[in-house]
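# Understanding the architecture of this molecule
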Amino acid sequence: MVLKYRGQFNRDIDINNRELLDEIKFAILNAKKAKSITEIANLKKLRKYKTYYRIKIADEYRIGIKIRSNIVWFSRFGHRNNFYKGFP
């Protein structure tokens, strides 16, 4: 799959927690290697939206993505308490 990153995603991942950054990196590599949506680990489709999904990271964090054809847009990252207020 082709990966693209929105500017807000890059600002969201500007954190100092090394373990969390490693998990984000693992999720990105997993999405890159996937040949279809079903191969992406911890992926769940958001209700009411056709192209928006979330990836669960470290039980309390989420990565928001948009998938259209073969392009994965990484849009947002955040704690689950605040994540759904700004995504999609």
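Given the structure is predicted, the values throughout are model-derived calculations rather than measurements. (Residues numbered from 1 in each chain as written. Predicted model: local features only at pLDDT ≥ 70, side-chain atom pairs only at ≥ 80, totals over all residues. Heavy atoms only, no water.)

### Digging into the nonpolar core
Ile-63, Ile-65 and Phe-74 are the most contacted members of the largest nonpolar core, which has 19 residues in total. For this core, the elements supplying multiple residues, two or more each, are helix H2 (18-33), strand E3 (52-57), strand E4 (61-68) and strand E5 (71-79). The contacts of Ile-65, once residues within four sequence positions are left out, are Leu-43, Thr-51, Tyr-52, Tyr-53, Ile-55, Val-72, Trp-73, Phe-74, Ser-75 and Phe-87. (Core = buried A, V, L, I, M, F, W, Y, C linked by side-chain atoms within 4.5 Å. Buried < 20%, exposed > 50% of the residue type's maximum accessible area, 1.4 Å probe, protein only. Helix = DSSP H or I, 4+ residues; strand = E, 2+ residues; numbered from the N terminus. Contact = heavy atoms within 4.5 Å.)

### Structural notes on the packing of aromatic side chains
Tallied over the full model, the rule gives eight aromatic pairs. Ring plane angle 45° and centroid distance 5.5 Å describe the contact between Phe-9 and Phe-74, whose orientation is recorded as tilted. On the criterion of sequence distance, the pair formed by Phe-9 in helix H1 (residues 7-12) and Phe-74 in strand E5 is long-range, its members being 65 residues apart. Assigned by exposure class, Phe-9 and Phe-74 land together as buried. Ring-pair connections join several aromatic residues into one group, and the members of that group are Tyr-49, Tyr-52, Phe-83, Tyr-84 and Phe-87. The positively charged end of Arg-6 is found above the aromatic ring belonging to Trp-73, 4.5 Å away from the centroid. (Phe/Tyr/Trp six-rings, centres within 6.5 Å; stacked < 30°, edge-to-face > 60°. Lys NZ or Arg CZ within 6 Å of the ring centre and 35° of its normal.)

### Brief notes about the pairing of E4
Where burial is concerned, most of E4 is hidden: six out of the eight residues are buried. The pairing of E3 with E4 spans six bridges and is classified as antiparallel. By the bridge assignment, Ile-55 is partnered in E4 with Ile-63. Hairpin connection of E3 to E4: three residues between the antiparallel strands, including Ala-58 at a positive phi of 50°. Direction of pairing for E4 relative to E5: antiparallel, over a ladder of eight bridges. From the neighbouring strand, Arg-68 faces E5, where its bridge partner is Ile-71. Joining the antiparallel neighbours E4 and E5 is a turn of two residues, in which Ser-69 adopts a positive phi near 50°. (Pairing = 2+ DSSP bridges.)

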